[in-house]
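Working through the structure, step by step
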Amino acid sequence: MVTRHPTKYLGEEYQRLVRENLNWELKVLESASGPTCIVNGKEVIMLCANNYLNLATHPKVVNAMIEATKKYGAGAGSDRSIAGNMALHEELDRRLAKFKNAPASLTFQTGFMANEGTIPQLADRGDLFVSDELNHGSIIDGVRLSHADRAIFKHKDMEDLARVMEEAEKHDPPYKHIWILTDGVFSMDGDLAPLPEIVKIAKEHGAGVYVDDAHGEGVLGEGGRGIVNHFHLGRDEVHVEMGTFSKAFGVIGGHITGSEDLRNFTFNKARSWLLSGAVPPGVAAACIAAIDVLETEPQHVRRVWENRNHLLDGFKDAGFDTGNTETPIIPVMCGKSKKAKDLADYLWSKGIFVLPIFYPMVPREKARIRVQVCAKHTVEQLDKALETFKEGGRNLGII
Ligand SMILES: *Cc1c(COP(=O)(O)O)cnc(C)c1O
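This one's a predicted model, so the numbers in the text were calculated from it and none came from an experiment.

Turning our eyes to something else, we now look at the layout of surface pockets. The rolling of a water-molecule-sized probe over the atoms marks out the regions of remaining empty space. Looking at the largest pocket, its volume works out to about 930 Å³. At the level of elements, helix H13 (337-349), strand E11 (352-353) and strand E12 (355-357) are the ones that each hand at least two residues to the lining of the largest pocket. Ranked by residues supplied to the lining of the largest pocket, first place goes to H13 with 4 residues. Of the residues in the lining of the largest pocket, the class split is 21 nonpolar, 3 polar and 5 charged. By volume, the second largest pocket is sized at about 760 Å³. If you go around the second largest pocket, you meet 32 residues; those closest to its centre are Leu134, Phe186, Ser187, Met188 and Asp189. Those elements that provide at least two residues to the lining of the second largest pocket are helix H5 (137-144) and strand E13 (367-372). The dominant element in the lining of the second largest pocket, judged by the number of residues it contributes, is E13, at 3 residues.

Attention shifts here to the site of the ligand. Taken together, the neighbourhood of the ligand is formed by 13 residues, with Gly111, Phe112, Asp212, Thr244 and Lys247 sitting nearest. One nitrogen or oxygen atom from the side chain of Asp212 is found 2.6 Å from a nitrogen atom belonging to the ligand. With respect to the ligand, the side chain of Ser246 contributes an N or O atom lying 2.9 Å from an oxygen atom. Calculation on the ligand without its partners gives an accessible area of 380 Å², and the protein chains cover 86% of this total. Residue composition of the shell around the ligand, grouped by class: 2 nonpolar, 8 polar and 3 charged.

Overall, the coordinates contain 2 cavities of 30 Å³ or more when judged by the stated rule. Of all the secondary-structure elements, those providing two or more residues to the lining of the largest cavity are helix H3 (87-99), strand E3 (104-108) and helix H11 (281-296). Every residue lining the second largest cavity is listed: Met46, Ala49, Asn51, Tyr52, Gln372, Cys374 and His377. Here the residues of the lining of the second largest cavity sort into 4 nonpolar, 3 polar and no charged.

The next thing to look at is the pattern of salt bridges. All chains considered together, the criterion is met by 26 salt bridges. With its nearest N and O atoms 2.9 Å apart, the salt bridge here joins Arg95 to Asp292. Of the two residues, Arg95 sits in helix H3 while Asp292 sits in helix H11, which places them 197 residues apart along the sequence. Residue class for Arg95 comes out buried when judged on its relative accessible area of 17%.

All right, on to the domain arrangement of the protein chain then. Often the size quoted for an interface is simply the accessible area lost on bringing the parts together. Taken as a whole, the protein chain is organised into domain 1 (15-46 + 298-395) and domain 2 (59-296). Here the C-alpha centroids of domain 1 and domain 2 sit 27 Å apart. Each partner contributes to the interface: domain 1 provides 16 residues, whereas domain 2 provides 18 residues. With both chains or domains summed, domain 1 and domain 2 bury close to 1300 Å², and 60% of this area falls on carbon and sulfur atoms. Per-residue buried area on domain 1 facing domain 2 is highest for Val301, Glu326 and Ile329; these three make up 33% of the total on that side. Our count for the domain 1 to domain 2 interface comes out at 2 salt bridges. Two residues, Arg368 and Asp189, come together in a salt bridge whose shortest N-O distance is 2.8 Å. Of all the elements in the fold, those that place two or more residues in the side of domain 1 that touches domain 2 are helix H12 (299-317), strand E10 (329-335) and E13. By residue class, the composition of the side of domain 1 that touches domain 2 is 8 nonpolar, 5 polar and 3 charged.

Calculation rules
- Along every chain, residues carry numbers that run from 1 in the direction the sequence is written.
- The predicted nature of this model means local features are confined to residues of pLDDT at least 70 and side-chain atom pairs, given and counted, to a pLDDT of 80 or more, with totals for whole chains, interfaces and linings taken over all residues.
- To obtain the side-chain values, all non-hydrogen atoms of the structure were included, while hydrogens and water were left out.
- Grid points spaced at 1 Å over the protein atoms alone were grouped into cavities, where a 1.4 Å probe fits but cannot get out, and pockets, open sets with protein on both sides within 12 Å along at least five of seven lines, with lining residues defined by an atom within 4 Å of a point.
- Grid points are joined across faces, edges and corners, and a volume is the space filled by probe spheres set on the points.
- Comment: elements are numbered from the N terminus, with helices defined as DSSP H or I runs of at least four residues and strands as E runs of at least two.
- Three categories are distinguished: nonpolar for Ala, Val, Leu, Ile, Met, Phe, Trp, Tyr, Cys and Pro, charged for Asp, Glu, Lys and Arg, and polar for the others, with Gly belonging to the last.
- A molecule or strand has a residue near it when one of that residue's heavy atoms lies within 4 Å.
- We call two N or O atoms a polar contact when they sit within 3.5 Å, provided that within protein one can donate a hydrogen and the other can accept it, with sequence-adjacent residues counted only if both atoms are side-chain atoms.
- Accessible areas in this description were obtained via Shrake-Rupley with a 1.4 Å probe; residue shielding takes into account the shown protein chains only.
- Take a side-chain nitrogen of Lys or Arg and a carboxyl oxygen of Asp or Glu: if they are within 4 Å of each other, that pair is a salt bridge.
- Think of it in three bands: with a 1.4 Å probe and only protein chains considered, a residue is buried below 20% of the maximum accessible area for its type, exposed above 50%, and partly exposed in between.
- These domain boundaries are the output of an automatic or database domain assignment.
- Here, residues are in contact when the closest pair of their heavy atoms is within 4.5 Å.
- Values labelled buried area give the accessible surface lost by two parts on being combined, using a 1.4 Å probe and summing over both.

Next comes the structure, spelled out in structure tokens:
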């Protein structure tokens, strides 16, 4: 008698998620992503998009996508490794490296694929990955795909990192290669990795440094050049700067940036790059146009910081705890999960779209609303959001 059932557990698991209130309820965006949007048929102020500079709707970016699509077609026809490596992809690689003032970049289909494809190739048996405990899931998955040993250090805790590295030196036989992996901007708290200190510790041990700057690109550094520029670090100090075109750049795609050796190594090894289709030419052209915009229109980066400072000051004046944010990601701490959900529901009912973040994404007592601001929000929109936060926060006893 076979008791096995091929798929029954799918429904059971989904029902468990629903019972425990851990399921995603997908909201439907019915307009372009902008400072205000139509979501589930309702006009809302958008405060949870990654489109920090509003480049998703920038005319130069949109037109570049249309023109390249007309000229080169909807798809690249192949993987880049075979017959889909268009001149536009090569141009994007070069333009990004130039923007980042680095010898070379290699662009991927997404940031997730850049991490998942690159990381497991960097270290093998006899090597070690050392990872911040709050690193993004794509780093975690990349590490899991490798045969290297792994060690975790406490979030941004440099004493703990030094301890882990000392421990690693006792390994017998000695590790051949050690990589320290960290997010640049941590996406739940908006805080920055202490990259100069990480670099210093890495140097003492001859370790590589890999930073995932998904939320820092287009936001940090001169003209949005990212975290390596922000901290004035060299390419021989941060060996891999990984990033994405799906956040501030407003399109989609990922990259790794560093030495020529890194690029040549990676496109010969990373399976997500070798065995998956190239991004459409329109996407590559739109990403190039986004770099153009960053190089020629510095006002967008300036505006997102002005808006972020206005909103952060408003939250602080109202008595909200906003954690340790250093970026346009602002966590508004609520305590228990239910408070964050109730506040998000209240805000939604008043036309403010934000994301509640709770266990298991963050510790149980650290539920929060994650607010993300963009360059095109008006002061009126931000003030309306602040007023609504204050009403909701007072009703729920958060402030
Ligand atoms: C969003 C994100 C990614 C994934 O980037 P995509 O281009 O959206 O796949 C990777 N790492 C971090 C830290 C991110 O926030």
